[in-house]
Amino acid sequence: MLGPILVTLIAIAPGAVNWWTGRRLARATDDPALPELLMARQQRLVAVGATSLAILLVLGGRHVWWGVLLLATILLTGGYPLRRTLLGETAALPLYLWRSLKSMVGGMGFWILLVWTPTIVLGIDRERWWLALLLLPVLLVWEFSYQRIWLRLHDAEPLASPALAPRIATIVDRAGIPAPALYRIGAPGTRFVNALAFPSVRRPAIGLGNALLELLEPDEIAAVYAHELSHIEQFSPRVVRRLQLVTWLLILAAIGVPLLAGWLAPASAHWAAWLWPLVVLLVLAQRAKKSQEHEHESDLRAAALCGDAEAVARGLVKIHVHAFIPRRWAVDFERNATHPSLARRIQALRGQGAEAVSSLGAPAVLPTAREGSLVVFENERAWWFDGVPAGTAPDLEALRAQAASARSVAWPYLIELRVTTSGEGRALQARHRNGDRWSVPLEASQVAAVQRALDHVDVRLQRELGRTRPGNAWPLAAGILLAMLLSGQVGILLVPVTLVLVRPATAALGALGAMAIAAAAFGLASRDGSWMLPDPRIGLAVIAVLGALALASAWRHRRAVPEDLRRNGRLTLLVLGAVGALLTLSVLATLWDAPTRAWGERPGVSTLAVTLLGMAAALALMEARAARRWSAAATLSGLAAGAPVLLEGLALSRDDGLSRAHASLAEIARIPLGGTASSLQLSPGGQRFLVQRYDARPITRTRPAPPMFVLGDSTGALREIGALHAAFAGDEHLLTLQAGDSTLELRLERVDADAMLWSSRLPDLYQPTLIVSPEDRTWAVVGEEAGSDSLAVVAGTFDAPGGRTRRFAPLDSIGALDHIVFDGGATVLLPAISQRPPRPFILDFLSFSMPDVDLWEVSAAGHRRIGSLDGFPQCGPPDSGAAICLIRRGRGASVWTVGPRGAERLVSRLRDLGLAQMGPGARMTAVTGPERVTDVDLVARRLTEITLPAHPGVYEARVSAGRLAALRTDSTGTTLLLYRIATR
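Residues numbered from 1 in each chain as written. Predicted model: local features only at pLDDT ≥ 70, side-chain atom pairs only at ≥ 80, totals over all residues. Heavy atoms only, no water.

Moving on to empty space enclosed by the protein. Summed over the entire model, instances satisfying the criterion amount to two cavities of 30 Å³ or more. Approximately 90 Å³ is the volume found for the second largest cavity. Contributing to the lining of the second largest cavity are Arg328, Trp329, Glu334, Ser341, Ala343, Arg344, Gln347, Ile415, Glu416, Leu417, Asp458 and Leu461. At the level of elements, α15 (342–349) and β9 (414–422) are the ones that each hand at least two residues to the lining of the second largest cavity. Looking at the lining of the second largest cavity, its residues break down into five nonpolar, two polar and five charged. (1 Å grid on protein atoms, 1.4 Å probe; cavity = no way out; pocket = protein on both sides within 12 Å on 5 of 7 lines; lining within 4 Å. Points joined across faces, edges and corners; volume = space filled by probe spheres on them. Helix = DSSP H or I, 4+ residues; strand = E, 2+ residues; numbered from the N terminus. Nonpolar A, V, L, I, M, F, W, Y, C, P; charged D, E, K, R; others polar.)

The following block contains the structure:
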């Protein structure tokens, strides 16, 4: 999780961007492209703010609350100077922040609380579950009083205007509905340039902004009122009751689902908090689905109620001008916006036919920033001329005769014609309804004339926006990305997710859908998953469902924008093809490196299969017959590559070679340890425990104090031991490694008293490690000898002090991991990352696989590579002639035994195994969920699922001799829990 400094930097970043970009715009208030500049800036701010907010919510941890509050405060503060310049507001900064906070609470507070409700419910102790029910009346009352709260927090006052009263009365009589309450919105010193309708079963209302009342004429204000009144008509009492019912069901689900999940499936209850925001967003998106259609209908209804369509148009124009909203929008933006652009609203108000479009008279000839290029608007079409000789008369006929090239498009075939901005650059951009687009650069001095010309001709453009590419591409990609992070499938899916987020095209969405389904299938078969979650299967199921929705959406839109499919389809195939080629080379390299390894166990195979299936989906969306044939070939190749992996995973999921048992616990003791503790050990008889405790001690320039170990038993008696390392040497004895001035000292002590049985002087070693084998009654200390790079091993027995020291040449390899000592220190086995052949890190990342690990024998004869493992091992001390090594893959793991000559043997494949502790002996204990511990006894070949008491907060556990010791942490520090195990 992020620390407070990083949280602060991330929180202030959007506000800093807001302030910095606002400084330049504050000096450009006379720029005719100012509305376009402001819209582009707003879109960038949304991207930066959303990114910062997402990082804080996912990685902020306990700092998330003040981090989000700081983000909102700095963001508002950064925009305050520009707002004062543009709108002329006079409120001081503290008052502005206070009013902005009230506005956010009034507008979004209810929905924010609804989104956070499952998180709040899950944070309540199960014994006090009834406290969650207190949220029910709060949410119901807020929903019932939403209108009143909104108006109060926006400083609304009842509005009575003698100039407006007769006009409003006429409009209400024509509508034939009761007059809603009328309010003036905005406190003194603020500028609210908007109008809102508040549908209600009993008391609907309309609010008019204070700036709107000052800037518009009475007939224009009446037209805006008629527009809002039509919204009241659209949301009749029956419609409002239906929406209220949905909201009430959301409230009940927000409280009831996490409560039920906490009782019935506590290990997966947190999924309610993670998925609930998506549910609320989908409901709100569904409500806004027809908002643009409603706006068009309200404009036409307002014209009918007023009897003057031009009054409605003038009112809309003034609102856009004073709110600095561009008249013309990008088609892709407008398709997904809640409101249509002003140009198309005016176009709809003025109707169709020649009488709705005024004649231009003489063609408008517009210069551009490109030498020899001119744009001409005439009554029937628009012209783009290039290569016009200097001195050519600005006449359409002369330009057609003299230009080197000309392009003309009739107005009904243009769906977009607007001024765009990019930094200091300006351009006139056009878009054909077939998807083609082009632009010409403009000088800053030319923009005003072009904007005026566009005001005359934009009503001539094609009214329909054309068929759209999938509008739900971003939500689906964002949902898959979130599920990926939670379920641990971060890898190859990042490629199509990035393609969709950067360029939401049909081909990329189809590839993402197919790859998400395939990746979820491989994840479910292999049970790989997250380190964050106890059970990744729900996340994988969510990925599969969202992938199916993405694939269905892409198939439905495959003929919507053919040009988009061709252009972006090529990009999708190029990216996936490059990744597939690299993965193919990586998989082929493993054939040379490990020819005997089964195909399904080779890293990158499942990722290659997923990539091929994504390419197959992108090809299938294209109309060309050759593309369909290539799609079939890619599908067969992907299935052929992935089938062995699926079959092997399914087979292993049915049999891991271990018998199963379940156990419950009876508490023996709770022992407060304070501070932060880890490295829990149990004595072989389970009577005593040993932990390493980290206390807050000041850092000095002198030699640091040794780590602090705490030794205790079930009575609560504790003894502190200062040592570099400590480990049990049986039930009654303890080995401790102490640091001297230039040597090390190994001591054998009694556990029940500070009594030393023997001590042994050891050479000074760099980063020494103590390895204790209770079954064999041996010990070893391994480290680099001070003053040289030699690997030194000192080994002995519990029975007498002293030990034999052996020195070996260091292993020239990267990433040497655990030392496994055999034969009294004569042989050391070292797992180290394989460098044969080198494989780029990006391939390991995309294939979600670990690098191969070689097993090296280090002895007096030198170094010898004697085996290999398929990932990073975690090895326990050797006992009875073998060491146990655990290799994790997601939350799955494989268990190996390693002998003194490197004879590694796969013992079992385990599923859903979290952070495991090795020992004592041939056993492993792992905390696999908030209420579950998994104990694996490899001698008895038994896996025991142990149920913990409710919400213990356990993060580390050990099992020995029928007892379980566990560490939990809370605000008071660390507590050791000791239980007796009862097998069922």
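In this section: the sheet that holds strand β20 (residues 756–762). Strands in a sheet are paired, the pairing made by backbone hydrogen bonds, and the direction either parallel or antiparallel. What the four strands build is an open sheet, ordered β17-β18-β19-β20; its pairing is antiparallel. The open sheet has two edge strands with one neighbour each: β17 (725–728) and β20. Averaged over all adjacent pairs, the angle separating strand axes in this sheet is 15°, with direction ignored. (Pairing = 2+ DSSP bridges. Axes fitted to C-alpha atoms, helices over the stretch in contact; angles between N-to-C directions.)

As for its position among the elements, Ala253 is in helix α10 (residues 237–264). Taking the relative accessible area as the measure of exposure, Ala253 reaches 23% and is therefore partly exposed. Each C-alpha atom of the pair Ala253 and Ala272 lies 9.9 Å from the other, and the pair is 19 residues apart in sequence. In this structure, Ala253 is in contact with Pro258 and Trp276, ignoring residues within four places of it in sequence. (Buried < 20%, exposed > 50% of the residue type's maximum accessible area, 1.4 Å probe, protein only. Contact = heavy atoms within 4.5 Å.)

Mapped onto the elements of the fold, Arg693 is located in strand β14 (residues 688–694). Residue class for Arg693 comes out buried when judged on its relative accessible area of 11%. Once residues within four sequence positions are removed from consideration, Arg693 is found in contact with Leu673, Gly674, Thr676, Ala677, Met708, Val710 and Glu720.

This part covers the pairing of strand β21 (residues 765–773). Across seven bridges, β21 lies against strand β22 (residues 778–785) in antiparallel orientation. Considered in β22, the bridge of Ser773 is made with Thr778. Hairpin connection from β21 to β22: four residues lie between these consecutive antiparallel strands, with Arg777 at a positive phi of about 55°.

Further remarks concern the state of the cysteines. Scanning all chains against the criterion turns up one disulfide. The residue that forms a disulfide with Cys875 is Cys885, at a sulfur-sulfur distance of 2.0 Å. Here Cys875 and Cys885 share a disulfide; its torsion about the S-S bond, 105°, makes the bridge right-handed. Residue Cys875 is located in strand β29 (residues 873–875), and its partner Cys885 is located in strand β30 (residues 883–889); the two are separated by ten residues in the primary sequence. Taking relative accessible area as the criterion, Cys875 reaches 13% and is therefore assigned buried. (Disulfide = S-S within 2.5 Å.)

A volume near 1000 Å³ is recorded for the second largest pocket. Lining the second largest pocket are 34 residues, and of these Gln681, Leu770, Pro877, Met918 and Arg958 sit closest to its centre. Elements with a minimum of two residues in the lining of the second largest pocket: β13 (676–682), β17, β21, β29, β33 (915–918) and β37 (954–960).

In the structure shown here, the tally under the stated rule is ten aromatic pairs. Taken together, a centroid distance of 5.9 Å and an interplanar angle of 55° make the contact between Trp19 and Trp20 tilted. Note on Trp19: relative accessible area 43%, which makes it partly exposed. Ring centres of Phe110 and Trp142 lie 6.3 Å apart, and the angle between their planes is 70°; on these two criteria the pair is classed as edge-to-face. Here Trp142 lies in helix α5 (residues 135–144) and Phe110 lies in helix α4 (residues 93–122), a separation of 32 residues in the sequence. (Phe/Tyr/Trp six-rings, centres within 6.5 Å; stacked < 30°, edge-to-face > 60°.)

Here the focus is the packing of helix α9 (residues 218–234) against helix α12 (residues 291–306). In a pair of packed helices, the angle between the axes and the distance between the axes together describe the arrangement. The contact between α9 and α12 brings their axes to 8 Å, and the two run at 125°. As judged from the angle between their axes, α9 and α12 are oblique. Note that α9 runs across α12; the crossing there is right-handed. Contacts between α9 and α12 involve Ala222, Ala223, Ala226, His227, Leu229, Ser230, His231, Glu233 and Gln234 on the former and, on the latter, His294, Glu295, Glu297, Ser298, Asp299, Arg301, Ala302, Leu305 and Cys306. Split by residue class, the contact of α9 with α12 holds seven nonpolar, six polar and five charged. (Parallel < 35°, antiparallel > 145°, perpendicular 65-115°, else oblique. Left-handed = near helix turned anticlockwise from the far one by under 90°.)

Here we come to the nonpolar core. Burial of nonpolar side chains together is a common tendency in soluble globular proteins. Residues Ile480, Ile492, Val500, Leu509, Ile543 and Val610 are the most contacted members of the largest nonpolar core, which totals 47 residues. When contributions to this core are tallied by element, the ones reaching two or more residues are α18 (473–487), α19 (494–502), α20 (506–526), α21 (537–556), α22 (562–593), α23 (605–620) and α24 (625–654). With sequence-adjacent residues up to four places away left out, Ile480 is seen in contact with Val497, Leu512, Ala516, Ile543, Leu546 and Gly547. Counting residues in each nonpolar core, the second largest holds 35 residues, with Leu159, Ile171, Ile232 and Leu316 among its members. (Core = buried A, V, L, I, M, F, W, Y, C linked by side-chain atoms within 4.5 Å.)

If you walk across this open sheet you meet the four strands as β5-β6-β7-β8, and the pairing is antiparallel. Taken across any chain shown, the strands that pair with only one partner, and hence form the sheet edges, are β5 (364–367) and β8 (405–410). Recorded for the sheet is a direction-independent mean angle of 15° between the axes of neighbouring strands. The pairing of strand β7 (residues 381–386) with β8 spans six bridges and is classified as antiparallel. For Arg381, the partnering residue across the bridge sits in β8 and is Ala410.

What follows concerns the pattern of salt bridges. The final tally for this structure, using the stated rule, is 32 salt bridges. For Arg314, the salt bridge identified is with Asp219, shortest N-O distance 2.9 Å. With Arg314 in helix α13 (residues 309–322) and Asp219 in helix α9, this residue pair connects regions lying 95 residues apart in the sequence. Classification of Arg314 by relative accessible area gives partly exposed; the value is 33%. Residue class for Asp219 comes out partly exposed when judged on its relative accessible area of 29%. Residue Glu397 pairs with Arg400 through a salt bridge whose shortest N-O separation is 3.5 Å. Taken together, the positions of Glu397 and Arg400, both in helix α16 (residues 396–402) and three residues apart, correspond to about one turn of that helix. Residue Arg400 is classed as partly exposed on the basis of its relative accessible area of 44%. (Salt bridge = Lys/Arg side-chain N within 4 Å of Asp/Glu carboxyl O.)

Another aspect to go through is the packing of helix α7 (residues 165–175) against α12. Packing of α7 against α12 leaves a shortest axis separation of 9 Å and a crossing angle of 110°. When the interaxial angle is binned, α7 and α12 end up roughly perpendicular. The handedness of the crossing between α7 and α12 is right-handed. Contact residues: α7 offers Ile171, Arg174 and Ala175, while α12 offers Arg301, Ala304, Leu305 and Cys306. Of the residues in the contact of α7 with α12, the class split is five nonpolar, no polar and two charged.

Attention now moves to the pairing of strand β23 (residues 791–797). The two faces of a sheet get side chains in turn, since along a regular strand they alternate between them. Summarising burial for β23: six of the seven residues are buried, a large majority. Two elements, β22 and β23, share seven bridges in a ladder whose sense is antiparallel. Bridged to Thr778 within β23 is Thr797. Where β22 folds back onto β23 in an antiparallel hairpin, the turn is made up of five residues, including Gly787, whose phi is positive at roughly 90°. With five bridges connecting them, β23 and strand β24 (residues 804–808) associate as antiparallel partners. Note that in β24 the partner of Ala795 across the bridge is Arg804. In sequence, β23 turns back onto β24 through a hairpin of six residues, with Gly802 there showing a positive phi of about 90°.

Turning next to unusual backbone geometry. The phi dihedral of Phe324 falls on the positive side, at around 60°, and the residue is not glycine. Among the structural elements, Phe324 can be located in the loop between α13 and α14 (331–335). We classify Phe324 as partly exposed; its relative accessible area is 23%. Phi angles above zero are rare outside glycine, and Arg777 is one such case at about 55°. Inspection of the secondary structure assignment puts Arg777 in the loop between β21 and β22.

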